[in-house]
Amino acid sequence: MITIAVINQKGGVGKTTTCVNLAAELGAMRKKALVIDADPQGNASSGLGFQLDDFKSLYDVLALGEDPKWAIHSTSADRVSLIASNINLVGFDLEMGGAKGREYLLKNALDTVRDEYDVALIDCPPSLGLLTVNALAAADRLLVPLQCEYYAMQGLSLLAHTVQMVRESGVNPDAQIDAILLTMYNPNLRLTREIEAQIREVFGSHVLKTVIPRNVDLAAAPGQGLAIRDWVRNSRGGEAYHELALEVKKLWL
Ligand SMILES: Nc1ncnc2c1ncn2[C@@H]1O[C@H](COP(=O)(O)OP(=O)(O)O)[C@@H](O)[C@H]1O
Ligand SMILES: [Mg+2]
């Protein structure tokens, strides 16, 4: 199993949309995928049609030491399973305080299900707190969705700094920004093209060839609890995520 953290401390850049749709596309390519919803807002959970009231969540696994296999649920997408989030995760940072080994809780949990999945996708919260550190510790690859807007580069250097700290502290000696995915892409805007050029110049081959266009179907699909491929045939957004899955598969799977 290869573990991919979909990460960016900025909210609204397309992390959850990428997690849900990349997982569904990889599932359709016969890869068994496990989505870990590490955002207390639970968007990946609802976006994959998950709606139990009483369930074991990521909180139970991380904070209470529950066996992950009791917290894995099926979803609306073929071959995509889910460790769902719930609101309890909000207090995770404070509760764990200085507990020894708190950075490795997710990594240790995922190690126990390693043989059952081809890929794990972690949907990170929009912060650089303990949940994100757990994702960074557990990840083999970091995938950073990025919107081509004015503050993108600044946000990216803050993330690069955090990743460097995680690497140098030994929490994950291999951590690096492996891939940047341009999201909500609109080539008609000059600003988009300028920022894209800047990012491609600085990050070179780490910027994925696939770009995800701004597409209204992608924004509407979560309301159905479905990945785009299971809701609208041949939408531009769906085609882009299909291409992304092919690129990710070729690179890492
Ligand atoms: N390519 C896209 N085109 C149009 N809307 C998008 C696209 N990607 C994401 N969205 C919408 O933008 C909002 C933020 O996306 P989301 O994936 O939730 O970001 P994050 O998880 O980084 O906060 C959501 O309402 C989502 O449906
Ligand atoms: Mg999100």
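Before going into details, it helps to say that this report is about the structure given with it. Within each chain, residues carry numbers counting from 1 in the order of the written sequence. Written order decides the labels, with chains lettered from A and ligands numbered from 1. Note on the predicted model: pLDDT of at least 70 is required for a residue's local features to be given, and 80 or more for side-chain atom pairs to be given and counted; whole-chain, interface and lining totals, by contrast, use all residues. With hydrogens and water set aside, each side-chain value is computed from the structure's full complement of heavy atoms.

### Brief notes about the overall build of the protein
No. 1: Under the DSSP-based scheme used, a helix requires at least four consecutive residues in state H or I and a strand at least two consecutive residues in state E, with every element numbered from the N terminus. From N to C terminus, the protein includes 10 helices and 8 strands.
No. 2: Put simply, the radius of gyration uses C-alpha atoms, and a globule should come to 2.2 Å times the residue count raised to 0.38. Here the C-alpha atoms of the protein give a radius of gyration of 17 Å, agreeing with the 18 Å that 2.2 N^0.38 yields for 253 residues.
No. 3: Projecting the C-alpha coordinates of the protein onto the three principal axes gives extents of approximately 50 × 40 × 30 Å.
No. 4: Among the 253 residues that make up the protein, the fraction classed as buried is 53%.
No. 5: Long-range pairs, those at least 24 residues apart, make up 79% of the contacts in the protein between residues at least 6 apart in sequence.
No. 6: For the protein, the distance from the average position of its 24 positive side-chain charges to the average position of its 30 negative side-chain charges is 6 Å. Accessibility here uses a 1.4 Å probe with only protein chains present; expressed as a share of the type maximum, an area under 20% marks a residue as buried, one over 50% as exposed, and anything in between as partly exposed. Contacts are residue-level and defined by heavy atoms, with any inter-residue pair within 4.5 Å sufficient. Charge counting treats Lys and Arg as positive and Asp and Glu as negative, with His and both chain ends excluded. Each charge is placed at NZ for Lys, CZ for Arg, CG for Asp and CD for Glu.

### So, the site of ligand 1
No. 1: Taken together, 14 residues lie near ligand 1, and G12, T16, T17, P213 and N215 sit nearest.
No. 2: Within the backbone of G12, a nitrogen or oxygen atom sits 2.7 Å from an oxygen atom of ligand 1.
No. 3: Within 3.5 Å is the distance limit for a polar contact, defined as a pair of N or O atoms, with the added protein rule that one can donate a hydrogen and the other accept it, and that residues adjacent in sequence qualify only through two side-chain atoms. G14 has a polar backbone atom sitting 3.0 Å from an oxygen atom of ligand 1.
No. 4: Here the accessible surface of atoms and residues is derived via Shrake-Rupley with a 1.4 Å probe, and residues count as covered only by protein chains that are part of the display. Contact with the protein chains hides 78% of the accessible area of ligand 1, taken as 550 Å² for the molecule alone.
No. 5: Those elements that place two or more of their residues in the shell around ligand 1 are α1 (15–28), β8 (207–213) and α9 (216–220).
No. 6: For the shell around ligand 1, the element with the most residues is α1, which contributes 3 residues.
No. 7: In this classification, Asp, Glu, Lys and Arg are treated as charged, Ala, Val, Leu, Ile, Met, Phe, Trp, Tyr, Cys and Pro as nonpolar, and every other residue, Gly included, as polar. In terms of residue class, the shell around ligand 1 is made up of 6 nonpolar, 6 polar and 2 charged. By convention in these notes, a residue is near a molecule or strand provided one of its non-hydrogen atoms lies within 4 Å of it.

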